[in-house]
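In case you want the letters, here they are:
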Amino acid sequence: MFRYMKGSRNKTVSLRVVKVTELMAYEYGKVEGGFRHLDARELERLVPSGLAIDTFKSQLYDGHLVLLNDAPKVPALQAVKGNMGGASWTVNPAASTRLSPQAQKAFVAHTKMRSGGDASGNGSLPPPLA
């Protein structure tokens, strides 16, 4: 995990980079979909060692890496309430053009796997086979 904190007098913005496979259910609402519009210097500070900035941006776009932002400018994922009262995570339409189709599929699949499809992140595993 790579972290960069930018502080001002009234607030601190925390940006972190994680692999999509390490993304936790409580972080789904923090996934930044508008990373291409962030300040270039901020992104450069987050680049993992040994990775070129263009490769880093490509891995964000393709969903291999995820930028977490305490206050995302464009959240990549949004919780959607279902007809039966449950909720699930979908790709935010405002972020869909900023992420590759593969990234969108990977994010949604990951949310279903991690949370059992429940947007609260409190999903349970299916019962064991007899």
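One can find the structure itself at the top, above this paragraph.
Our subject in this report is the structure included herewith. Just so it is clear, the structure is predicted and the values come from calculations on it, not from any experiment.

A few points about empty space enclosed by the protein
In step 1: Evaluated as defined, the whole model comprises 1 cavity of 30 Å³ or more.
In step 2: A volume near 40 Å³ is recorded for the largest cavity.
In step 3: Together, Val-31, Glu-32, Phe-35, Leu-60, Leu-65, Val-66, Leu-67, Ala-76, Leu-99 and Phe-107 line the largest cavity.
In step 4: In terms of residue count, strand S3 (residues 65-69) provides more of the lining of the largest cavity than any other element does, 3 residues in total.
In step 5: For the lining of the largest cavity, the per-class residue count stands at 9 nonpolar, no polar and 1 charged.

Considering the pattern of salt bridges
In step 1: If you walk through the whole model with that rule in mind, you get 3 salt bridges.
In step 2: Among the salt bridges present, the one from Asp-70 reaches Lys-30, with a minimum N-O distance of 3.9 Å. Separated by 40 residues along the polypeptide, Asp-70 in the loop between S3 and strand S4 (77-81) and Lys-30 in the loop between strand S2 (12-19) and helix H1 (40-46) bring together distant segments of the chain.
In step 3: For Lys-30, a relative accessible area of 27% gives the class partly exposed.
In step 4: Linking Arg-41 and Asp-39 is a salt bridge whose minimum nitrogen-to-oxygen distance equals 3.9 Å.

What about the packing of aromatic side chains?
The description of two aromatic rings rests on the distance between their centres and on the angle between their planes.
In step 1: If you walk through the whole model with that rule in mind, you get 1 aromatic pair.
In step 2: Ring geometry for Tyr-28 against Trp-89: centres 5.6 Å apart, planes inclined by 75 degrees, an arrangement best described as edge-to-face. One end of the pair, Tyr-28, is in the loop between S2 and H1; the other, Trp-89, is in strand S5 (residues 87-91), with 61 residues separating them in the sequence.
In step 3: Residue class for Tyr-28 comes out buried when judged on its relative accessible area of 0%.
In step 4: Residue classification places Trp-89 among the buried positions, given a relative accessible area of 11%.

Scoring rules and cut-offs
Residues numbered from 1 in each chain as written. Predicted model: local features only at pLDDT ≥ 70, side-chain atom pairs only at ≥ 80, totals over all residues. Heavy atoms only, no water. 1 Å grid on protein atoms, 1.4 Å probe; cavity = no way out; pocket = protein on both sides within 12 Å on 5 of 7 lines; lining within 4 Å. Points joined across faces, edges and corners; volume = space filled by probe spheres on them. Helix = DSSP H or I, 4+ residues; strand = E, 2+ residues; numbered from the N terminus. Nonpolar A, V, L, I, M, F, W, Y, C, P; charged D, E, K, R; others polar. Salt bridge = Lys/Arg side-chain N within 4 Å of Asp/Glu carboxyl O. Buried < 20%, exposed > 50% of the residue type's maximum accessible area, 1.4 Å probe, protein only. Phe/Tyr/Trp six-rings, centres within 6.5 Å; stacked < 30°, edge-to-face > 60°.

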